[in-house]
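An overview of the molecular structure
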Amino acid sequence: MAATDTLIALMVFNRMASHFEILDAPDGARKLHDRPTPLTGGISLLVGVWIGALSTTNTLGIDLNVLALLGIVVTIHAFDDHSGLSARQRLAVDAMIALTFTIVTGAAIGQLGMAFGVPLLLGSLAIPVTVIAYLALSNAFNMLDGVDGVAISQFLISAFAIGVWNVAYAPNHRIDGLIIAVVAAALPIFVANLGLLGAQLKCFLGDSGARFLGFFLTYTLIVESGRAFSPIDGAYLVAVPLLDMCAVVIERLKAGAGPMRPDRRHLHHLLADSVGSHKLAAGVMALISMAFIALFWALQALEVGDPQSAALFLGLAALYMRYRRKFVAVLVGLAERRNANRITGPAE
């Protein structure tokens, strides 16, 4: 239901995109797509989720407050897509939305985990830490939305992992119906974002869509971390967006640029520019994300403690930030060698 509704909404909004000036035009520098593309992914996703979720509320127990809050996220950032907000305005708006999410839903990060049998309670810091988590992940997904398929594929992988975890290890907690509705609605947007539904349905997520995914996934992780795994372990489920954001911000600061100033330092840009394929860039990043999720699974199966899990994640984060450009160079070398073998044949 949600998938069909989203597809219909996309058809309608793409026809209206030019009239309402919600198009992303190429600029020859950072935006290298071929033609102006509708920024309709977010609003289409919201409509699909609303209709799909409301039609199943009685059976799946969906929190209508969350639906309303997601509507606020998309509405405000659809205005941002149209008219543009400054980085400070965007940060202030998102902080208010995050605080509203925390107060209205009552879902907050109350503790970071366990250390040697002692809970690491946050106390009065619970709400500020929760707001920071919303800001971090919503911005991380917005930053990922620079190459077709990357942001939404990362969301789908994380959401699927949470759903499978619930089924396998927390059978007493049914999967939230809203997760099902959002994943179902996101699938046609993913296909359209990749351009596989033709030029007429091609769309970008825009700020509205990327922040929808970021806010919803943050809320889901907070709820699940209160009953299925710790917030520290939850970082493995969204490792690629978080690590890429941190690496890019650090590089910008070292270069003397603003931390939120757009550029092409992201891993998806490095991959796409080097190998010449957006789909390959999205695929490589999907594999990295799945590797982190597999590691999360292994840590849970081995009952590794939160301090050790946190130390391992920080170590991997340091390796990622130090070697991510070398990793891209290795991939490019492998691709060039493969192309050479195709042309000349394998060396004897």
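Residues numbered from 1 in each chain as written. Predicted model: local features only at pLDDT ≥ 70, side-chain atom pairs only at ≥ 80, totals over all residues. Heavy atoms only, no water.

Attention now goes to the overall build of the chain. Summing up its helical and strand segments, the chain has 14 helices and four strands in all. Residues counted as buried form 47% of the 348 residues belonging to the chain. Once local pairs closer than 6 in sequence are excluded, the contacts in the chain between residues at least 24 apart make up 74%. Summing over all exposed atoms, the chain offers an accessible surface of approximately 16500 Å²; the carbon and sulfur share of this is 65%. (Helix = DSSP H or I, 4+ residues; strand = E, 2+ residues; numbered from the N terminus. Buried < 20%, exposed > 50% of the residue type's maximum accessible area, 1.4 Å probe, protein only. Contact = heavy atoms within 4.5 Å. Areas by Shrake-Rupley, 256 points an atom, 1.4 Å probe, with all protein chains shown as cover.)

Below, the discussion takes up the packing of aromatic side chains. This structure, assessed with the given rule, holds eleven aromatic pairs. Ring centres of F101 and Y219 lie 6.3 Å apart, and the angle between their planes is 50°; this geometry places the pair in the tilted category. Here the residue F101 occupies a position in helix α5 (residues 87-105), and Y219 occupies one in helix α9 (residues 206-225), the gap between them amounting to 118 residues. Across the pair, Y219 and F101 agree in class, each one buried. Following the ring pairs from residue to residue traces out a cluster consisting of F101, Y134, F215 and Y219. (Phe/Tyr/Trp six-rings, centres within 6.5 Å; stacked < 30°, edge-to-face > 60°.)

Attention now goes to the packing of helix α8 (residues 177-193) against α9. A packed helix pair is summarised by two numbers, namely the angle formed by the two axes and the spacing between the axes. Relative to each other, α8 and α9 sit at 155°, their axes nearing to 12 Å. With respect to α9, the element α8 is oriented roughly antiparallel. Like other packed secondary-structure pairs, α8 and α9 cross with a definite hand, here left-handed. Within the contact between the two elements, α8 uses L178, I179 and V182 and α9 uses F212, F216 and T220. Each residue belonging to the contact of α8 with α9 can be placed in one class, and the counts come to five nonpolar, one polar and no charged. (Axes fitted to C-alpha atoms, helices over the stretch in contact; angles between N-to-C directions. Parallel < 35°, antiparallel > 145°, perpendicular 65-115°, else oblique. Left-handed = near helix turned anticlockwise from the far one by under 90°. Nonpolar A, V, L, I, M, F, W, Y, C, P; charged D, E, K, R; others polar.)

Counting 87 residues, the largest nonpolar core has F101, F155 and F212 as the members making the most contacts within it. Contacts of F212, omitting those with residues within four sequence positions, involve L45, L46, V49, L70, V73, V74 and V182. (Core = buried A, V, L, I, M, F, W, Y, C linked by side-chain atoms within 4.5 Å.)

Let us look at the pattern of salt bridges. For the structure on display, the rule yields eleven salt bridges. Here E251 and R325 are joined by a salt bridge, their closest N and O atoms 2.8 Å apart. You can see E251 sitting in helix α11 (residues 239-254) and its partner R325 sitting in helix α14 (residues 306-344), a full 74 residues away along the chain. According to the relative accessible area criterion, E251 is buried, its value standing at 18%. Exposure remark for R325: the relative accessible area of 40% places this residue in the partly exposed category. A network of salt bridges, in which partner residues are shared, links D244, E251, R252, D263, R265, R324 and R325. (Salt bridge = Lys/Arg side-chain N within 4 Å of Asp/Glu carboxyl O.)

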